[in-house]
Amino acid sequence: MFQTLQDRLSGVLDKLTGRGALSEADVNDAMREVRRALLEADVALDVVKDFVEKVKVKAVGAEVLRSIKPGQMVVKIVYDELAAMLGSNADPISLAAQPPVGILMVGLQGSGKTTTTAKIAHRLTNRDKKKVLMASLDTRRPAAQEQLRVLGEQTGVATLPIIAGQTPIQIARRAEETARTSGYDVVIFDTAGRVTVDEELMDEVADIKAAMKPHEVLLVADALTGQDAVNTAKAFDGRIGVTGIVLTRADGDGRGGAALSMRAVTGKPIKLLGVGEKWDALEDFDPKRIAGRILGQGDVVSLVEKAMETIDVEKATKIAEKMKKGAFDLEDMAEQLKQMEKLGGMGGVLGMLPGIGKIKGQINEAGLDKALKHQRAIISSMTPKERRNPKMLDGKRKRRIAAGSGTTPADINKLLKMHMQMADMMKQMGRNKGMMGKMASMMGLPGGGMGAAPTADELAQMQAELARLDPKALEQLPAEARQELQKLKSGSLGTGTPAKGLSGLGMPKGLPGLGGGLPGLGGGFPKIHGLPGKKK
């Protein structure tokens, strides 16, 4: 949703950071471009004027223009004001009330209200371990109550039994009584919607709110409607009083104006973003993280949180242990590729790393996610015996697997070579409990803990062990990781200075399920302008 705005702002701010000195005229020119970019993103005019004025006042100060790196100071000011415009601090759904906590869902028809109700219930049940009851108060739309019942079955969340002929308030009271007597922690009320805001809709929702006194009133708005979503939020808040907003279809090609304007215009926080069709495709809205994404600074914290939620840590730990012992087979590799897809694929992971967002288009063109799917298809076309023992794959078997996976025998050979080199490197690192363990820790690879930085003697021993490593296996590491190993070889890495390793790419150490690296790349990144490729 923010990709176009990100591209425009990155271009403007990169010009500033590339200069050694800035004048007031330089800042004014840049702010003119920022203003144009925000208006094109459908941000409200008053919000744009206020934002640009605040940035300009701070950016033309003497301490900024005379600083050593004035361009970076301006970027920091833009980041701070952008985060402030979005709401400064995250404001998640509050459950700090006497159970059962009531959550009232309101909004127009077609905004995704009923589906979002099920997503929130699924999230509270699985992540927060709450006992949730859903109740549909929509007696007007055909099969609306039946829809919520079906969604409840799909998500494993309880729904209130349907009794024909009851009014919305009667259903709400029955739901609250059922939740209280059955020990539910949360009860979510899904109200009726309309195509447009009208008095009948507002009266009905206002009566339900007055009768039930819910702890949270969440407005569900469609991010693709732009400023119409902001106007809808103003209407609902003025008449009913909402406590927060959920923006759906944030993964679409909308221009981001609704998200950027919502807090400034309505004064109400955006609590959640709907970013997909799946039940777990719901993200907390954190203004600072969103501001970082817009400015191309990545969002590693959200990546780690997503990894913790989607990856089976126990299974990932077993794979890491097998890798250390050199018993890493193709079934384990398929599991790693599957976990990568759960994180949003290679494009989704790289898009959250600092600096990579600027070349997201080239990443998509490179087809990294397509390569992952091909590799999984190849492994899936093998028999269990072949996956556990790749050495038995002869020419006849490879032709059969290629026909079953829609690939070629050459693709299968590449996959087998990559698997063999990964297994050899991990086996060597896992075998060396001392120096190589420390080196693995420094590189963010399995085989080392988070111990103290190596001493000068230990660095010397590491250099000796590095000289014995297979050069082909080392080529499987990303470019910056290879650079750190070269520093170790040459002795240029000072005592007590931990190597950047994979964190040089913005990848957090110990990301579960990834084995300290990015599986499926077969020797580093392909040749994309701006990304390190495999050295020859």
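In case you missed it, the structure is sitting above this.
All figures in this text were calculated on a predicted structure; none of them were measured in a lab.

A.B. asks: Would you explain the overall build of the protein in this entry?
C.D. replies: Within the protein, the secondary structure is distributed over 25 helices and 8 strands. In the protein, which comprises 536 residues, the proportion classed as buried is 50%. Long-range pairs, those at least 24 residues apart, make up 72% of the contacts in the protein with a sequence separation of at least 6. Per element, the accessible surface of the protein, about 24,300 Å² overall, is 50% carbon and sulfur.

A.B. asks: I keep staring at helix H8 (residues 168-181) and nothing clicks. Help me out?
C.D. replies: Each α-helix winds once per 3.6 residues, and so residues spaced three or four apart point in a common direction. Between the first and last C-alpha of H8 there are 20 Å, a value that for 14 residues agrees with the 20 Å anticipated at 1.5 Å per step. Listed as buried for H8 are Pro-168, Ile-171, Ala-172, Arg-174, Ala-175 and Ala-179. Down the axis of H8, the buried side of the element spans an arc of 165°, and every buried residue falls inside it. Structural note: H8 exposes Arg-173 and Thr-181 on the side pointing more than 90 degrees away from its buried face. Check the buried side of H8 and you find it contacts strand S2 (132-136), helix H7 (144-155), strand S4 (186-190) and helix H9 (199-212). One or two steps after H8, the chain reaches Gly-183, where phi turns positive at roughly 75°.

A.B. asks: Sorry, what's going on with the packing of aromatic side chains here?
C.D. replies: Aromatic ring pairs are defined here through the distance separating the ring centres and the angle between the ring planes. Applying the stated criterion across every chain, the model contains 0 aromatic pairs. Sitting over the ring of Tyr-184, Lys-131 keeps its end group 4.6 Å from the ring centre.

A.B. asks: I tried to follow the pairing of strand S7 (residues 270-274) on my own but got confused; where do I start?
C.D. replies: Where a strand is regular, its side chains alternate between the two sheet faces. With 5 of 5 residues buried, S7 is to be regarded as a mostly interior element. Pairing between strand S6 (residues 244-248) and S7: 3 bridges, direction parallel. Within S7, the position partnered with Val-246 by the bridge is Leu-272. After leaving S6, the chain enters helix H11 (residues 257-266) and then returns to the sheet as S7, a path that is right-handed.

A.B. asks: Please clarify how the packing of H8 against H9 should be interpreted in this entry.
C.D. replies: Think of two packed helices as two axes; the pair is described by the angle between the axes and how far apart they sit. The geometry of H8 relative to H9 is characterised by a closest axis approach of 10 Å and an angle of 30° between their N-to-C directions. Judged by the inter-axis angle, H8 sits roughly parallel to H9. With respect to the hand of their crossing, H8 and H9 are arranged in right-handed fashion. Here H8 contributes Pro-168, Ile-169, Ala-172, Arg-173 and Glu-176 to the contact with H9, which in turn contributes Glu-204, Asp-207, Ile-208, Ala-211 and Met-212. Of the residues in the contact of H8 with H9, the class split is 6 nonpolar, no polar and 4 charged.

A.B. asks: What should I look at first to understand unusual backbone geometry in this one?
C.D. replies: Excluding glycine, residues mostly carry a negative phi; peptide bonds, for their part, are mostly trans. Cis geometry marks the peptide bond from Pro-99 to Pro-100, where omega comes out at -5°. Within the element layout of this structure, Pro-100 appears in the loop between helix H5 (70-86) and strand S1 (101-107). Unlike most non-glycine residues, Lys-129 shows phi in positive territory, near 55°. Structurally, Lys-129 can be placed in the loop between helix H6 (113-126) and S2.

A.B. asks: What am I meant to see in the packing of H6 against H7 here?
C.D. replies: Axis separation between H6 and H7 bottoms out at 10 Å; the angle between their running directions is 30°. The orientation of H6 with respect to H7, classified from their angle, is roughly parallel. H6 and H7 meet at a crossing whose hand is right-handed. From H6, Thr-114, Thr-115, Thr-117, Ala-118 and His-122 reach across to H7, where they touch Gln-147, Leu-148, Leu-151 and Thr-155. The class makeup of the residues in the contact of H6 with H7 is 3 nonpolar, 6 polar and no charged.

A.B. asks: In this structure, what is going on with the pairing of S1? I would like to understand it.
C.D. replies: Among the 7 residues that make up S1, 7 are buried, leaving the element largely enclosed by the rest of the structure. Of the two faces of S1, the one carrying Val-101, Ile-103, Met-105 and Gly-107 and the one carrying Gly-102, Leu-104 and Val-106 are both buried. Of the pairings in the sheet, the one linking S1 to S4 comprises 5 bridges and is parallel in character. When the bridges of S4 are listed, Leu-104 appears paired with Phe-189.

A.B. asks: Explain helix H3 (residues 45-59) here, please?
C.D. replies: Between the first and last C-alpha of H3 there are 21 Å, a value that for 15 residues agrees with the 21 Å anticipated at 1.5 Å per step. Among all positions in H3, only Val-47, Val-48, Phe-51, Val-52, Val-55 and Ala-59 are buried. End-on view of H3: buried residues confined to an arc of 120°, all on one side of the axis. Facing away from the buried surface of H3 by more than 90 degrees, the exposed residues are Asp-46 and Val-57.

A.B. asks: Honestly, the side chain of Thr-407 in this entry has me stumped. Any pointers?
C.D. replies: With respect to the secondary-structure elements, Thr-407 resides in the loop between helix H20 (395-405) and helix H21 (409-431). Polar side-chain contacts of Thr-407 include one of 2.7 Å to the side chain of Ser-405. Among residues more than four places away in sequence, those in contact with Thr-407 are His-374, Ile-378, Ala-402 and Ile-412.

A.B. asks: Is there a simple way to explain the nonpolar core in this structure?
C.D. replies: In summary, soluble globular proteins display a tendency toward joint burial of nonpolar side chains. Residues Phe-51, Phe-236 and Leu-260 are the most contacted members of the largest nonpolar core, which totals 74 residues. It is H5 that contributes the most residues to this core, 9 residues altogether. Every residue in contact with Leu-260, bar those within four places of it in the chain, is listed here: Phe-2, Leu-5, Leu-38, Val-43, Val-47, Leu-82, Met-85, Leu-86 and Ile-294.

A.B. asks: Which parts of the structure should I look at to understand the sheet that holds S1?
C.D. replies: Think of a sheet as strands paired side by side through backbone hydrogen bonds, with each pair either parallel or antiparallel. Spatially, 8 strands are ordered S3-S2-S4-S1-S5-S6-S7-S8 in an open sheet, and the strand pairing comes out mixed. Edge strands, defined here as strands with exactly one partner in the open sheet, are strand S3 (158-159) and strand S8 (282-284). With respect to the sheet, H8 is in contact with S2 and S4, its orientation differing from that of S2 by roughly 165°.

A.B. asks: Teacher, can you tell me more about the environment of Ile-290 here?
C.D. replies: Its location among the elements puts Ile-290 in helix H12 (residues 287-294). In the structure, Ile-290 is positioned 207 residues away from Ala-83 in sequence and 7.7 Å away in space, judged by C-alpha atoms.

Reading the values: the criteria
- Residues numbered from 1 in each chain as written.
- Predicted model: local features only at pLDDT ≥ 70, side-chain atom pairs only at ≥ 80, totals over all residues.
- Heavy atoms only, no water.
- Helix = DSSP H or I, 4+ residues; strand = E, 2+ residues; numbered from the N terminus.
- Buried < 20%, exposed > 50% of the residue type's maximum accessible area, 1.4 Å probe, protein only.
- Contact = heavy atoms within 4.5 Å.
- Areas by Shrake-Rupley, 256 points an atom, 1.4 Å probe, with all protein chains shown as cover.
- Expected span 1.5 Å × (residues − 1).
- Arc of directions from axis to C-beta.
- Phe/Tyr/Trp six-rings, centres within 6.5 Å; stacked < 30°, edge-to-face > 60°.
- Lys NZ or Arg CZ within 6 Å of the ring centre and 35° of its normal.
- Pairing = 2+ DSSP bridges.
- Right-handed = clockwise from strand over helix to strand, strands pointing away.
- Axes fitted to C-alpha atoms, helices over the stretch in contact; angles between N-to-C directions.
- Parallel < 35°, antiparallel > 145°, perpendicular 65-115°, else oblique.
- Left-handed = near helix turned anticlockwise from the far one by under 90°.
- Nonpolar A, V, L, I, M, F, W, Y, C, P; charged D, E, K, R; others polar.
- Polar contact = N/O pair within 3.5 Å; in protein donor to acceptor, adjacent residues only side chain to side chain.
- Core = buried A, V, L, I, M, F, W, Y, C linked by side-chain atoms within 4.5 Å.

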